[in-house]
Amino acid sequence: MSDSATPATPVTFPPAFLWGAATSAYQIEGAVREDGRTPSIWDTFSHTPGKTIGGDTGDIAVDHYHRYRDDVALMADLNLNAYRFSVSWSRVQPTGRGPAVQRGLDFYRKLVDELLAKGIKPAVTLYHWDLPQELEDAGGWPERDTAYRFAEYAQIVGEALGDRVEQWITLNEPWCSAFLGYASGVHAPGRTDPVAALRAAHHLNLAHGLGAKALRSVMPARNSVAISLNSSVVRPLSPSDPADVAAARKIDDLSSGIFHGPVMHGAYPETLLEATSSLTDWSYVLDGDLDLIHQPLDALGLNYYTPTLVSAADPDAKGPRADGHGASEHSPWPAAEDVAFHQSPGEQTEMGWSVDPTGLHELIMRYHREAPGLPIYITENGAAYDDKPDADGTVHDPERVAYLHGHLSAVRRAIADGADVRGYFLWSLLDNFEWAYGYDKRFGAVYVDYVTQQRTPKSSALWYARAAKSGTLPEPEHI
């Protein structure tokens, strides 16, 4: 078939496609001491001197706890038909065990009711990195018991919201929880033990499986249970160099296979077990664990920002590790000292991440092949830019408009190529507390003045609202 005869990618999205935005509890809620909430690991970490830029914390964040009605009204004004948010574990179950605090659950009940009243479909993420501090004091994710505590918490939230919320996500980006939290230490709880990180990864997997079972025990069968993975799109610096290809395989196992292997296929990759054998014998994987982890998925959430470029390491090379995951003397990649990370080519965001929509298409098609027929949602995609209001108060962010246009075009191309992608959740609805970067990086489609808490939709929010209303992608300059 000649190029001229190749069908063009359709310009419209499926009628039932979800046009959403995403947030997480600690990044937006504030109200950290209200209605029975107790500290999470991110409260402790952000209040530890030197851990966040400017010593910023999520104590107030963008005050969504008090402003949720206005924020939901804003979503409706932007034509969103879906909203993904996370539940604060320590707001619902302050010690990480025992009975729920109903005042905490009531906040999420009211939020869900407000969303439904505006015709916006809620999608609940149970865990977005904010482990109750008491559970960390008891050992945190490296300890097996934490997975069982998560299942108890999942059942509590499922019972409270399962009659009205159909879309559920157990864990968001367990890679970050395990390896940024316990290996490199750039995220809470700030530990730097690669063996603890590998143990944490397994127990996060176990928490997913146990949590999925717990949710299904208390919710209607129509509800969807998923997990959101930030599987890396790992590319070898030289595809023809076997050493670079081997380096890419190692990082792919550590970023992707360590989670999708047991979750989707009931087994860890043999190459992962071999590569990490110098650190652990994996004896914490008990009989029956893989069956528990390998629960049926109703959907898969994929988070994508930028590809990862690696090669075999030059033993004489020195310098920072350009993996895009923060500065630390400790690597988030256990047993991967023989791998070097490189800056991917092209335009970069404020995070220093290259803009490459082809990586999103590649990621979607990988999982389309790996699990044919499994519905896929892009549960996070977005970019940080140095957004500032103009003299008249408007906020123009043409770079983000172009970013969204490029990545949504990649999603549309994947759908045309046969992938069952059912929704897209822009990261993020609002500028917010960006973890260790504090308030220094702005990912929001809506600008937030952190002093007054005033919300101002940026050009990208207005562009996205047009896309959501029409089911097509306006040209980037047509804002």
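Every chain is numbered on its own, with residues counted from 1 as its sequence reads. With pLDDT at 70 or above as the cut-off, local features in this predicted model cover only qualifying residues; side-chain atom pairs require 80 or more to be listed or tallied, and sums for whole chains, interfaces and linings still use all residues. With hydrogens and water set aside, each side-chain value is computed from the structure's full complement of heavy atoms.

An unreviewed UniProt entry lists the chain under the name Beta-glucosidase, from Streptomyces pimonensis. UniProt positions are given in the numbering used here, feature names are shortened, and annotations may be inferred rather than shown by experiment. Recorded under Catalytic activity (unreviewed entry), the UniProt text for the chain is reproduced unchanged: "Hydrolysis of terminal, non-reducing beta-D-glucosyl residues with release of beta-D-glucose."

**Q** What should I look at first to understand helix α10 (residues 242–265) in this one?
**A** Residue pairs three or four apart in sequence face the same way in an α-helix, which turns once every 3.6 residues. Numbering of helices and strands runs from the N terminus; a helix is a DSSP stretch of H or I covering at least four residues, while a strand is a stretch of E covering at least two. Here, expected helix span is obtained from the residue count minus one, scaled by 1.5 Å. The end-to-end C-alpha distance of α10, which contains 24 residues, comes to just 27 Å, noticeably less than the 34 Å that a straight helix rising 1.5 Å per residue would cover. To get the bend at a given residue, fit one axis to the seven residues ending there, fit another to the seven starting there, and take the angle between those axes. Residue Gly-257 marks the point of greatest curvature in α10, where the axis turns by about 55°. Most of α10 is tucked away: 18 of the 24 residues are buried. Downstream of α10 by one or two residues, Gly-266 has phi in the positive range, about 75°. Buried, partly exposed and exposed residues are distinguished by accessible area as a fraction of the type maximum, computed with a 1.4 Å probe on protein chains only: under 20%, between the cut-offs, and over 50%, respectively.

**Q** When you look at the nonpolar core in this model, what are you seeing that I'm missing?
**A** One broad rule of soluble globular proteins: the nonpolar side chains tend to lie buried together. Among the buried residues, those of types Ala, Val, Leu, Ile, Met, Phe, Trp, Tyr and Cys that are joined through side-chain atoms within 4.5 Å form a nonpolar core. Formed by 153 residues in total, the largest nonpolar core has its most connected members in Trp-141, Phe-150, Phe-179 and Val-411. Among the elements that take part in this core, helix α9 (residues 194–218) stands out by supplying 11 residues, more than any other. Should any heavy atoms of two residues lie within 4.5 Å, those residues are considered in contact. Sequence-distant contacts of Phe-150, that is, excluding residues within four places in its chain, are made with Trp-89, Leu-126, Tyr-127, Trp-141, Thr-170, Leu-171, Ala-207 and Gly-211.

**Q** Just checking my understanding: could you explain the environment of Tyr-304 for this structure?
**A** Topologically, Tyr-304 is positioned in the loop between β7 (300–303) and β8 (308–312). Along the chain, Tyr-304 and Ser-90 lie 214 residues apart, while their C-alpha atoms are 28 Å from each other. For Tyr-304, the contacting residues outside a window of four places in its chain are Val-233, Asp-356, Gly-359, Leu-360, Leu-363, Glu-380, Asn-381, Gly-382, Tyr-403 and His-407.

**Q** Just to check I follow, could you spell out the packing of aromatic side chains for this structure?
**A** Where two aromatic rings form a pair, the distance of their centres and the angle of their planes describe that pair. When two rings of Phe, Tyr or Trp (its six-membered ring) have centres within 6.5 Å they constitute a pair, described as stacked for plane angles under 30 degrees, edge-to-face for angles over 60, and tilted for the intermediate range. One pass over the full model with this rule turns up 33 aromatic pairs. Aromatic pair Tyr-127 and Trp-141: ring centres 5.3 Å apart, planes at 75°, arrangement edge-to-face. Within this pair, whereas Tyr-127 is found in strand β3 (residues 121–127), its partner Trp-141 is found in the loop between α6 (133–137) and α7 (145–161), the two being separated by 14 residues in sequence. Grouping residues by exposure puts Tyr-127 and Trp-141 together as buried. Here Trp-282 and Tyr-284 contribute two aromatic rings whose centre-to-centre distance is 5.6 Å and whose plane-to-plane angle is 40°, an arrangement assigned as tilted. With a relative accessible area of 8%, Tyr-284 lands in the buried category. Each member of the aromatic cluster is reached from another via a ring pair, and the members are Tyr-26, Trp-42, Phe-45, Trp-129, Phe-433, Trp-435, Tyr-439 and Tyr-450. Geometrically, a charge over a ring is one whose NZ (Lys) or CZ (Arg) sits within 6 Å of the ring centre while staying within 35 degrees of the ring normal. Across from the ring centre of Phe-13, 5.7 Å away, lies the NZ or CZ of Arg-412, which sits over that ring.

**Q** Please explain the packing of α7 against α9 as it appears in this structure.
**A** Packed helix pairs are characterised by how far apart their axes lie and by the angle those axes make with each other. Contact geometry of α7 with α9 gives a least axis separation of 8 Å together with a crossing angle of 30°. Judged by the angle between their axes, α7 and α9 are roughly parallel. Handedness of the α7/α9 crossing: right-handed. Within the contact between the two elements, α7 uses Ala-147, Tyr-148, Phe-150, Ala-151, Ala-154, Gln-155, Gly-158 and Glu-159 and α9 uses His-203, Leu-206, Ala-207, Leu-210, Gly-211, Ala-214, Leu-215, Ser-217 and Val-218. For this classification, Asp, Glu, Lys and Arg are treated as charged, while Ala, Val, Leu, Ile, Met, Phe, Trp, Tyr, Cys and Pro are nonpolar and the rest, including Gly, are polar. Of the residues in the contact of α7 with α9, the class split is 11 nonpolar, five polar and one charged. Orientation is described by lines fitted to C-alpha atoms, with helices fitted over the stretch in contact, and by angles between N-to-C directions that extend from 0 to 180 degrees. When an angle is under 35 degrees it counts as roughly parallel; over 145 it counts as roughly antiparallel; between 65 and 115 it counts as roughly perpendicular; any other value is oblique. If you view the pair so one helix is near and one far, a crossing is left-handed when the near helix is turned anticlockwise from the far one by less than a right angle, and right-handed when it is turned clockwise.

**Q** Just checking my understanding: could you explain the UniProt feature "active site" (unreviewed entry) in the chain for this structure?
**A** Sites flagged by UniProt as "active site" (unreviewed entry) map to Glu-380. Beyond its immediate chain neighbours, meaning those up to four positions away, Glu-380 contacts Arg-84, His-128, Asn-172, Glu-173, Leu-302, Asn-303, Tyr-304, Tyr-305, Phe-425 and Trp-427.

**Q** Whenever I open this one, the pattern of salt bridges confuses me. Can you help?
**A** Any two side chains of opposite charge can pair if their charged atoms end up close together. Here a salt bridge means any side-chain nitrogen of Lys or Arg lying within 4 Å of a carboxyl oxygen belonging to Asp or Glu. This model, assessed by the stated rule, comprises 31 salt bridges. Measuring nitrogen to oxygen at the nearest pair gives 2.8 Å for the salt bridge that ties Asp-356 to Arg-235. Here Asp-356 is found in the loop between β9 (339–342) and α13 (357–370), whereas its partner Arg-235 is found in strand β6 (residues 234–236), with 121 residues between them in sequence. Asp-386 is the salt-bridge partner of Lys-388, the closest N and O atoms lying 2.6 Å from each other. Through salt bridges with shared partners, one network takes in Asp-387, Asp-397, Arg-400, Asp-431, Arg-442 and Lys-458.

**Q** Would you mind showing me how to read the packing of α10 against α13 here?
**A** Two elements in contact, α10 and α13, have axes whose closest approach is 13 Å; the angle formed by their N-to-C orientations is 35°. In this structure, the crossing between α10 and α13 has a hand that is right-handed. Side by side, α10 and α13 meet where Asp-252, Ser-256, His-260, Met-264 and His-265 of the first sit next to Arg-366, Tyr-367 and Glu-370 of the second. Looking at side-chain class alone, the contact of α10 with α13 contains two nonpolar, three polar and three charged residues.

**Q** Even after reading the chapter, I still don't get the sheet that holds β8, so can you show me in this structure?
**A** Taken together, three strands build an open sheet; the order of strands is β6-β8-β9 and the sheet is mixed. Both edges of this open sheet fall to β6 and β9, since each of them pairs with a single strand only. Here the strands of the sheet are splayed against their neighbours by 40° on average, with no regard to which way each runs. Strand pairing follows a simple DSSP-based rule, namely that at least 2 bridges must link the two strands. Of the strand pairs in this sheet, β6 and β8 are connected by three bridges, and their pairing is parallel. Of the residues in β8, the one forming a bridge with Val-234 is Thr-308.

**Q** Teacher, can you tell me more about the sheet that holds strand β4 (residues 167–172) here?
**A** Think of a sheet as strands paired side by side through backbone hydrogen bonds, with each pair either parallel or antiparallel. Pairing is parallel in the closed barrel, where eight strands are placed in the order β1-β2-β3-β4-β5-β7-β10-β11. Neighbour to neighbour, the strand axes of the sheet diverge by 25° on average, direction disregarded. As judged from the two bridges shared by strand β5 (residues 224–229) and β7, these two strands associate in the parallel manner. Residue Ser-228 lies in a different strand from β7, and its bridge partner there is Gly-301. Contacts from α9 reach β3, β4 and β5, with the element oriented near 160° to β4.

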